[in-house]
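Here are the chains, one letter per residue:
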Amino acid sequence: MNPIFANLGTSVFEVMSGLARERQAVNLGQGFPDDPGPADVRAQAAEAVLSGWNQYPPMMGLPELRAAISAHYRRFQGLELDASAEVMVTSGATEALAGALLALIEPGDEVVLFQPMYDAYLPLVRRAGGVAKFVTLRPPRWTIREEDLAAAFSPRTRVVLFNNPLNPAGAIYDRDALALLARFCVKFDAIALCDEVWEHVVFDGRAHVPLMAMDGMRERTVKIGSAGKIFSLTGWKVGLVCAAPPIMRVLAKAHQFITFTTPPNLQSAVAYGLMKEDSYFAEMRAAFQRSRDRFSAGLVARGFDVLPSAATYFVNIDISSLGHDDDVAFCRWLVKEHGVAAIPVSAFYAADAIRTVVRFCFAKHDATLDAALARLDNVARLSQLSRRA
Ligand SMILES: Cc1ncc(COP(=O)(O)O)c(C=O)c1O
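Student: Sorry if this is basic, but what is going on with the overall build of the protein chain here?
Tutor: Secondary structure summary: the protein chain contains 15 helices and 13 strands in total. Along the first, second and third principal axes, the C-alpha set of the protein chain runs to 65 × 50 × 45 Å. Taking all 389 residues of the protein chain together, 56% fall into the buried category. Put simply, of all contacts in the protein chain between residues at least 6 apart along the chain, 76% involve residues at least 24 apart. Carbon and sulfur atoms make up 52% of the accessible area of the protein chain, which amounts to about 16,100 Å² in all. Taking the 40 positively charged and 41 negatively charged side chains of the protein chain as two groups, their mean positions are separated by 3 Å.

Student: What is the right way to read the site of the ligand from this model?
Tutor: Taken together, the residues surrounding the ligand are Gly92, Ala93, Thr94, Tyr118, Asn163, Asn167, Asp195, Val197, Trp198, Ser226, Lys229 and Lys237. Taking lysine 237, its side chain carries an N or O atom lying 2.7 Å from an oxygen atom of the ligand. Notes on the ligand: free accessible area 400 Å², of which the protein chains cover 93%. Of the residues forming the shell around the ligand, the biggest block, three residues, is contributed by helix H5 (residues 92-104).

Student: Is there a simple way to think about the pattern of salt bridges in this case?
Tutor: Close approach of charged atoms allows side chains of opposite charge to pair. All told, the structure shown has 16 salt bridges when counted by the stated rule. A salt bridge links glutamate 22 to arginine 23, with the nearest nitrogen and oxygen atoms 3.7 Å apart. Notably, a salt bridge pairs aspartate 189 with arginine 220, separated by 3.1 Å at the nearest N-O pair. Taken as a pair, aspartate 189 in the loop between helix H8 (175-187) and strand E6 (191-195) and arginine 220 in the loop between E6 and strand E7 (221-226) lie far apart in primary sequence, 31 residues in all. The exposure class of aspartate 189 is partly exposed, given its relative accessible area of 48%. It is possible to trace a salt-bridge network through shared partners that takes in Asp204, Arg206, Arg292 and Asp293.

Student: How should I be thinking about the pairing of strand E3 (residues 110-115) in this particular structure?
Tutor: Two faces belong to every sheet, and in a regular strand the side chains alternate between them. Among the six residues of E3, six are classified as buried, and the element is accordingly described as predominantly covered. Burial along E3 is two-sided: the residues Glu110, Val112 and Phe114 and Val111, Leu113 and Gln115 are all buried. Between E3 and its parallel partner strand E4 (residues 131-136), the chain crosses via helix H6 (residues 121-127), and the hand of that crossover is right-handed. Summarising the sheet, E3 and strand E5 (residues 157-163) pair through four bridges and their orientation is parallel. Opposite valine 112, over in E5, you have valine 160 as the bridge partner.

Conventions used here
- Residues numbered from 1 in each chain as written.
- Predicted model: local features only at pLDDT ≥ 70, side-chain atom pairs only at ≥ 80, totals over all residues.
- Heavy atoms only, no water.
- Helix = DSSP H or I, 4+ residues; strand = E, 2+ residues; numbered from the N terminus.
- Buried < 20%, exposed > 50% of the residue type's maximum accessible area, 1.4 Å probe, protein only.
- Contact = heavy atoms within 4.5 Å.
- Areas by Shrake-Rupley, 256 points an atom, 1.4 Å probe, with all protein chains shown as cover.
- Lys, Arg positive; Asp, Glu negative; His and termini not counted.
- Charge placed at Lys NZ, Arg CZ, Asp CG, Glu CD.
- Near = heavy atom within 4 Å.
- Polar contact = N/O pair within 3.5 Å; in protein donor to acceptor, adjacent residues only side chain to side chain.
- Salt bridge = Lys/Arg side-chain N within 4 Å of Asp/Glu carboxyl O.
- Right-handed = clockwise from strand over helix to strand, strands pointing away.
- Pairing = 2+ DSSP bridges.

The structure is reproduced here in structure tokens:
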């Protein structure tokens, strides 16, 4: 068997979910919303199952969805994308990432990865024959430093896999950071594979800026979005891929032989959803922001050191101020003794892990968040007492 997958152990996500079930914990480890998602979008999908086309749709995606993707990114991000040559639909962002890595790199090519990183990246890069070069981001700001880019890029760099907004950090990169990264991509003639699945889940009036919009990047960027994140329907697995035609032609070949296509009913519902009025997107953001604020305020009131969360469904705490330096041990203790499941952020690093940050998902009903907070009542105080003892 191939050792890259055969040697992957049980992930910390599975371990924490298992412990959460065993202890009947409030599970703030898993990253999906309690809310069932917009009723009209789900109704469109149901109607399309009953009355619509249920055979293979076109390989690149339904024409109406490709047109909707192009119009959507023009409206929200100022991009001009030719729906017939620069847009493709995949079965989730994950398929898009896997296909792009298979399509773009040859064995021995270097791939720059920013850690913390989404867990799928590294096995996929390695399985495609890529050699990973890491840029380590550090709390509380997760800043991209020029010297770290200079150390990671080389003439062998083929792809830069960049996640913005960044899960698990809850960080969003502004134009200055994007311009810095763009300079390196241009200088080393690298393709940017941009995982922008969190592009709509941004807070405090911020707007997501796609790396593709920066100088020199239009022809060397693969932009990946996910309807699952845009519509709080994480199980839907409808990925939105944009790239200039020479790149797209190759991505399409990989897609052709991985999944070929994506359920047509979900595609037609996503086409409907992407054309919804601005207020839908604003209200979705406002609702998550309210949950973020409610949960963060509760954590602060209980003595936790809360890191800024500008985007995503996640907020992090820094446990070093409580005297802890092992996030995995902390999370195990938290779920076993206090009945709240969270995720240790060290799980998102492959080397030189930061071990003092713990991630909570706040995309939950108020009652769920309040139940978790009640269980966290004495955690900070107990930590401080045991530190003094
Ligand atoms: C950074 C990142 N990329 C990709 C995905 C997966 O997206 P999809 O469900 O569309 O495959 C997630 C899901 O949490 C994510 O956080």
